[in-house]
Amino acid sequence: KTSGSAGHIHYWFIESQDTPSKDPVVYWTNGGPGGSGINAGLLGEMGVFQLNEASITPEGIKLIENQFAWSTQANMIYVSQPKGVGFSYCDDLNPDECTNNDVTAAQDAYDVTA
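Residues numbered from 1 in each chain as written. Predicted model: local features only at pLDDT ≥ 70, side-chain atom pairs only at ≥ 80, totals over all residues. Heavy atoms only, no water.

Caption draft 1: A look at the overall build of the protein chain. What the protein chain contains, in helices and strands, is two helices and nine strands. Element order for the protein chain, N to C, with α for helix and β for strand: β-β-β-α-β-β-β-β-β-β-α. Reported as C-alpha extents along the three principal axes, the dimensions of the protein chain are approximately 40 × 40 × 20 Å. Taking all 114 residues of the protein chain together, the buried fraction comes to 33%. Restricting to contacts in the protein chain with at least 6 residues of sequence separation, those with at least 24 account for 68%. Surface exposure of the protein chain reaches about 7200 Å², of which carbon and sulfur atoms provide 54%. The average position of the 4 basic charges and that of the 14 acidic charges among the side chains of the protein chain differ by 8 Å. (Helix = DSSP H or I, 4+ residues; strand = E, 2+ residues; numbered from the N terminus. Buried < 20%, exposed > 50% of the residue type's maximum accessible area, 1.4 Å probe, protein only. Contact = heavy atoms within 4.5 Å. Areas by Shrake-Rupley, 256 points an atom, 1.4 Å probe, with all protein chains shown as cover. Lys, Arg positive; Asp, Glu negative; His and termini not counted. Charge placed at Lys NZ, Arg CZ, Asp CG, Glu CD.)

Caption draft 2: Region of the structure containing helix H1 (residues 37–46). By the burial criterion, the buried members of H1 are Gly37, Ile38, Gly41, Leu42 and Met46. What you see down the axis of H1 is that its buried residues fit within an arc of 100°, all on one side. Along its buried surface, H1 packs onto strand E2 (10–14), strand E3 (25–28), strand E4 (49–50) and strand E8 (75–80). Of the residues that open H1, the one with a side-chain oxygen 3.2 Å from the backbone nitrogen of Ile38 is Ser36. (Arc of directions from axis to C-beta. Polar contact = N/O pair within 3.5 Å; in protein donor to acceptor, adjacent residues only side chain to side chain.)

Caption draft 3: Spatial organisation of the packing of aromatic side chains. Tallying each qualifying case throughout the model produces one aromatic pair. With a centroid separation of 5.2 Å and an interplanar angle of 75°, the aromatic rings of Trp28 and Trp70 are classed as edge-to-face. Here Trp28, found in strand E3, pairs with Trp70, found in the loop between strand E7 (64–65) and E8; they are 42 residues apart in sequence, far enough to count as distant. Trp70 gets classed as partly exposed once you look at its relative accessible area, which sits at 39%. (Phe/Tyr/Trp six-rings, centres within 6.5 Å; stacked < 30°, edge-to-face > 60°.)

Caption draft 4: Quick look at the side chain of Gln81. In this structure, Gln81 sits in the loop between E8 and strand E9 (89–90). A polar side-chain atom of Gln81 sits 2.6 Å from a polar atom in the side chain of Tyr27. Among the polar contacts made by the side chain of Gln81, one reaches the main-chain carbonyl oxygen of Ala105 at a distance of 2.6 Å.

Caption draft 5: A look at the confidence of the model for the protein chain. When pLDDT is averaged along the protein chain, the result is 85, and 91% of the positions lie at 70 or above. For the protein chain, helix H2 (residues 102–113) is the element with the lowest average pLDDT, namely 82, and E3 is the one with the highest, namely 93. (pLDDT = per-residue confidence, 0-100.)

Caption draft 6: Quick peek at H2. Here H2 spans 17 Å end to end across 12 residues, near enough to the 16 Å set by a 1.5 Å rise per residue. Three or more residues of H2 are buried, namely Thr104, Ala105, Asp108 and Ala109. Down the axis of H2, the buried set is contained in an arc of 145°. They therefore lie on one face. In H2, the exposed residues that point more than 90 degrees away from the buried face are Val103, Tyr110 and Thr113. On the buried face of H2, the contacting elements are E3. (Expected span 1.5 Å × (residues − 1).)

Here's what the structure looks like:
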């Protein structure tokens with residue numbers, strides 16, 4: 001199913017490091033509208049690894065382990081929504097024509113989890 005402009009929602013699923021079959025599932029999306037849960041949530045705030053200013057070294061880019069990652073206690077779904085944000089995209093449209101609003105973003109969230 002799609003809502004608003006037809007397209008695809010991109011997400012990453014990170015399995016819990018504790019007891020995946022018993023731990024809760026957390027659906028995470030950032031900002032709104034227009035904040036990628038992958039860029040900010042997964043890679044910047046609560047993912048297993050982070051990228052930040054300390055990641056840039058003379059040897060190149062390095063990932064920094066996050067000892068406070070939410071996946072230590074939960075299965076995480078990081079989502080880029082609405083369509084047109086992050087790696088989520090609209091079918092056959094110029095990015096400026098990829099229109100969504102709060103209602104279609106909510107419908108997309110439902111469709112992703114249904």
